[in-house]
There are 2 protein chains.
Amino acid sequence: MIESKNTVTIKDVARELGIHHVTVSRALRNTGSVKKETRDQIKKKANELGYKPNRLAQNFRNKRSNVLAVVVPDLRPYFFSKFVSDFMEIAQEAGYSVMIFQSSEKASVEKEIIDSLIGYRVAGVIASVTKDTVQESHFDVLKSEGIPYVFFDRAPEKTEASQVLVNNFQGAYDAVNAMIKSGKKEIAYISTHYQHKIFRDRLEGYKEALKDNGLTYREELVVKGGFFMKDGFVQAERLMALEKKPDGILAVRDEIGIGVIKYLKKTDVSVPEDVAVIGFDNDPMGVACEPELTTVEQSIPLMVESSFDLLLGQIKNAKLNFEKKVIEPKIIFRGSI
Amino acid sequence: MIESKNTVTIKDVARELGIHHVTVSRALRNTGSVKKETRDQIKKKANELGYKPNRLAQNFRNKRSNVLAVVVPDLRPYFFSKFVSDFMEIAQEAGYSVMIFQSSEKASVEKEIIDSLIGYRVAGVIASVTKDTVQESHFDVLKSEGIPYVFFDRAPEKTEASQVLVNNFQGAYDAVNAMIKSGKKEIAYISTHYQHKIFRDRLEGYKEALKDNGLTYREELVVKGGFFMKDGFVQAERLMALEKKPDGILAVRDEIGIGVIKYLKKTDVSVPEDVAVIGFDNDPMGVACEPELTTVEQSIPLMVESSFDLLLGQIKNAKLNFEKKVIEPKIIFRGSI
DNA sequence: TTGAAAGCGCTAACAG
DNA sequence: CTGTTAGCGCTTTCAA
């Protein structure tokens, strides 16, 4: 094991100045009362010696670290990498460090992560759960340790924790509605095989929009499977093989939507004239394809801000109260409808 | 501040069993000698009481945490989010936690991050530096604290630290060569405005390939600016306004390359017949566009593995020795050439 | 305003 | 194999 070398502690600073280390501690943290003169002197000397507070000792002593943990199913999809990136930025500004964990969509891994968080006495947790996290039970340990947590985007079905969600029902409803208004009558829906509520909500929105427009729901137009572009490709193939083909397709992810467009173009179906396509997420990838993909956007900056505020409120107020914030999605019209 | 509630410590476990807490410590860590019977008893009881080791105390006592820090300029580009995601996975498996930091391409932020890392006594650091980090000096504090670090993809120009780099010269060389072999004669090069060596190396590779094929280097074919799709779009516009237009374009990032393709298609220039395009990074976005973008891939799994191995070697061996690993890139041929 | 004392939870070193 | 002692660097509490 490597040993630290030049480690300067408050005692070193104190010794140099011929004062007590407690005074140094006070001065450096701007707490208690220290004569201005002494304080300045201490800060100068600390700087001079290259003193860096030992966070390990501080956190240990304070029984709590200044680390915020972010738990996501997967860091690679645009939605999560953008969320984490933005979240980190404001957390860093507020003086927190951020630890990131990936559950890889496995509830068991998620549980392990949460358990390990206890050990780190993190200040708070922001989580988006795995596709099949229904129970909140493995988050209970956090509650019993008094560690606040907030869910974003994907929350357990039954939870009393604070959460920042998107109105997925509305997003799908609006998207389908937009296609119908532009003259489409046979709208299909492509989902992932994931069971999470956000996808079920979108399905409900889809159904409701059909109903409100006097269109009948046809089961064969609802397909699911996969998460990526290639999956959109195969699902589109399936849909276009139907006797009564769709003239509009709503995909629960932009990547899937892009796969759909790729299939349609390959088979000389024109988008959006013959078939309109809408996705979810406002992934920049959507503007790479041709035509550019119309998408349901869930404002990430807004989600980041809301979840950070909720979390910080709980950390500061020391109460783990329930608060639910719903973000309204917005359709970004591009070329595919 | 919220206070922890049910915190179970080794002393609690010891008290319950009527033994000394040091024995509990030994048993739980499988060190020293403890009678098997006692050990089993301890583990059972610890589990029963829901004991979770206080990492804060452990790390403090050990003067070192089991946290690996990853510092990247920006988490959003595919290259970095994929690297971090993969890195995290193998680090977690090896029992390390990962803290991620973004320098936002600012050397000053990078310096702050490094300084704060000292406080956390992280076990090691993996970094890809900002576009204008030339000096390694702000990493010196790590060295003096005995914290090993490894650079990946982007390293300071002069460094004695271990690093995992891509042979960018070769990547550009091969890409240009491929275009020439397919009959192109006026190859342009679009770079970012970033000054980092990796981009200069690519430029050198570009020039060398021209030379080796007996083509003359024309300064007007080398343009730079921006980092994103829209930048590729405007640079392409600039290039196609030249008297003597290019018939092949190498972009230093896939996103830029996609912007180029979008411009060309918009102006009815066919790709790859009239103009071939190649990018860098193997960003999945490249398959969203039409035609799909040919790209220079730098194997991320290989880079992750190499840098993790280098870092772990240093952590384990307690020597901060210099080692440089170069990853050879590979061209992935798709439709744009 | 400053100092002295005590202890957070854990582990290394030594003793038994 | 198990217990005792001591201390990591810091901060809170109490006393001067």
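Residues numbered from 1 in each chain as written. Chains lettered and ligands numbered in written order. Predicted model: local features only at pLDDT ≥ 70, side-chain atom pairs only at ≥ 80, totals over all residues. Heavy atoms only, no water.

As recorded in an unreviewed UniProt entry, chain A goes by LacI family transcriptional regulator and comes from Jejuia spongiicola.

Let's talk about the protein's contact with DNA strand D
Residues in close proximity to DNA strand D total 26 residues, the closest being Ser25, Tyr51 and Arg61 of chain A together with His20 and Arg26 of chain B. Within 4 Å of the protein, atoms of DNA strand D come from sugar and phosphate in 59% of cases. Gln58 of chain A places a side-chain nitrogen or oxygen 3.0 Å from a phosphate oxygen of DNA strand D. The separation between a base nitrogen of DNA strand D and a polar side-chain atom of Arg26 of chain B is 2.6 Å. Of all the secondary structure elements, the ones that give two or more residues to the surface near DNA strand D are α2 (21-29) and α4 (55-62) of chain A together with α2 (21-29) and α4 (55-62) of chain B. Along the lines of polarity and charge, the residues of the surface near DNA strand D split into nine nonpolar, 10 polar and seven charged. (Near = heavy atom within 4 Å. Polar contact = N/O pair within 3.5 Å; in protein donor to acceptor, adjacent residues only side chain to side chain. Helix = DSSP H or I, 4+ residues; strand = E, 2+ residues; numbered from the N terminus. Nonpolar A, V, L, I, M, F, W, Y, C, P; charged D, E, K, R; others polar.)

Description of unusual backbone geometry
For the bond running from Val271 of chain A to Pro272 of chain A, omega is 5°, close enough to zero to count as cis. Note on placement: Pro272 of chain A falls in the loop between α11 (254-266) and β9 (276-280). Of note, the amide linkage connecting Glu290 of chain A to Pro291 of chain A takes the cis form, showing an omega dihedral of 0°. Positive phi is not limited to glycine here, since Lys63 of chain B has a value of about 60°. Structurally, the position occupied by Lys63 of chain B is in the loop between α4 and β1 (67-72). One non-glycine residue, Asn282 of chain B, adopts positive backbone phi at about 50°.

A short note on the sheet that holds strand β12 (residues 330-332) of chain B
All names here are of chain B. Spatially, β7-β6-β8-β9-β10-β12 is the arrangement adopted by the six strands of the open sheet, whose pairing is mixed. Strands at the two margins of the open sheet, each flanked by one partner only, are β7 (222-224) and β12. When strand polarity is set aside, the average angle formed by the axes of neighbouring strands in this sheet is 20°. Alignment of strand β9 (residues 276-280) against strand β10 (residues 294-297), held across three bridges, turns out to be parallel. Looking across to β10, one finds that Ile278 is bridged to Thr294. The strands touched by helix α9 (residues 197-212) are β6 (187-191), β7 and β9; relative to β6, the strand with the most contacts, the crossing angle is about 175°. (Pairing = 2+ DSSP bridges. Axes fitted to C-alpha atoms, helices over the stretch in contact; angles between N-to-C directions. Contact = heavy atoms within 4.5 Å.)

Some words on the relation of the copies chain A and chain B
For these two chains of identical sequence, chain A goes onto chain B by a turn of 180° and a shift of 0.0 Å along the axis, with RMSD 0.1 Å. With respect to symmetry, the two chain copies, as superposed, fit the operation of a two-fold axis. When the interface residues of chain A are mapped onto chain B, 100% of them again fall at the interface, so both copies present the same face. (Least-squares fit on C-alpha atoms with pLDDT ≥ 70 in both.)

A few points about the packing of helix α1 (residues 10-17) of chain B against helix α3 (residues 36-49) of chain B
Residue and element names in this part refer to chain B. The interhelical angle for the contact between α1 and α3, taken along N-to-C directions, is 120°, at an axis separation of 10 Å. When the axis of α1 is compared with that of α3, the two are oblique. Here the hand of the crossing between α1 and α3 comes out right-handed. Between α1, through Asp12, Val13, Glu16 and Leu17, and α3, the contact on the second element is made entirely by Gln41, Ile42, Lys45, Ala46 and Leu49. (Parallel < 35°, antiparallel > 145°, perpendicular 65-115°, else oblique. Left-handed = near helix turned anticlockwise from the far one by under 90°.)

Concerning helix α8 (residues 168-181) of chain A
All names here are of chain A. With 14 residues, α8 extends 20 Å from end C-alpha to end C-alpha; this agrees with the ideal 20 Å at 1.5 Å per step. Burial within α8 is extensive, with 10 of its 14 residues counted as buried. Turning to α8, its buried residues number three or more, namely Asn168, Gly171, Ala172, Tyr173, Ala175, Val176, Asn177, Ala178, Met179 and Ile180. Residue Gly183 follows α8 closely and has a positive phi angle near 100°. (Expected span 1.5 Å × (residues − 1). Buried < 20%, exposed > 50% of the residue type's maximum accessible area, 1.4 Å probe, protein only.)

Quick look at the interface of chain A and chain B
Opposite the 64 residues of chain A that make contact, chain B presents 64 residues. Across the interface of chain A and chain B, roughly 5,600 Å² is buried in total on both sides, 58% from carbon and sulfur atoms. Linking chain A with chain B are three salt bridges, by the criterion used here. A salt bridge links Asp86 of chain A to Arg76 of chain B, with the nearest nitrogen and oxygen atoms 4.0 Å apart. The tally of links between chain A and chain B comes to 14 residue pairs in polar contact (both at pLDDT 80 or more). Of all the elements in the fold, those that place two or more residues in the side of chain A that touches chain B are α4, α5 (78-93), β2 (97-102), α6 (107-120), α7 (140-145), α11 and α12 (300-317) of chain A. In terms of residue class, the side of chain A that touches chain B is built from 29 nonpolar, 17 polar and 18 charged. (Buried area = accessible area lost by both parts, 1.4 Å probe. Salt bridge = Lys/Arg side-chain N within 4 Å of Asp/Glu carboxyl O.)

Some points on helix α6 (residues 107-120) of chain B
Residue and element names in this part refer to chain B. With 14 residues, α6 extends 20 Å between its outermost C-alpha atoms, agreeing within 8% with the 20 Å of an ideal straight helix rising 1.5 Å per residue. Considered for burial, the residues of α6 that qualify are Val109, Glu110, Ile113, Ile114, Leu117, Ile118, Gly119 and Tyr120. Downstream of α6 by one or two residues, Arg121 has phi in the positive range, about 50°.

Considering the pairing of β9 of chain B
Residues and elements named next belong to chain B. In terms of residue burial, β9 counts as a mostly covered element, since five of its five residues are buried. Going residue by residue along β9, you find Ala276, Ile278 and Phe280 tucked away on one face and Val277 and Gly279 tucked away on the opposite face as well. In terms of strand pairing, strand β8 (residues 248-251) meets β9 through three bridges, oriented parallel. Looking across to β9, one finds that Gly248 is bridged to Ala276. As a crossover connection, the stretch from β8 through helix α11 (residues 254-266) into β9 is right-handed. (Right-handed = clockwise from strand over helix to strand, strands pointing away.)

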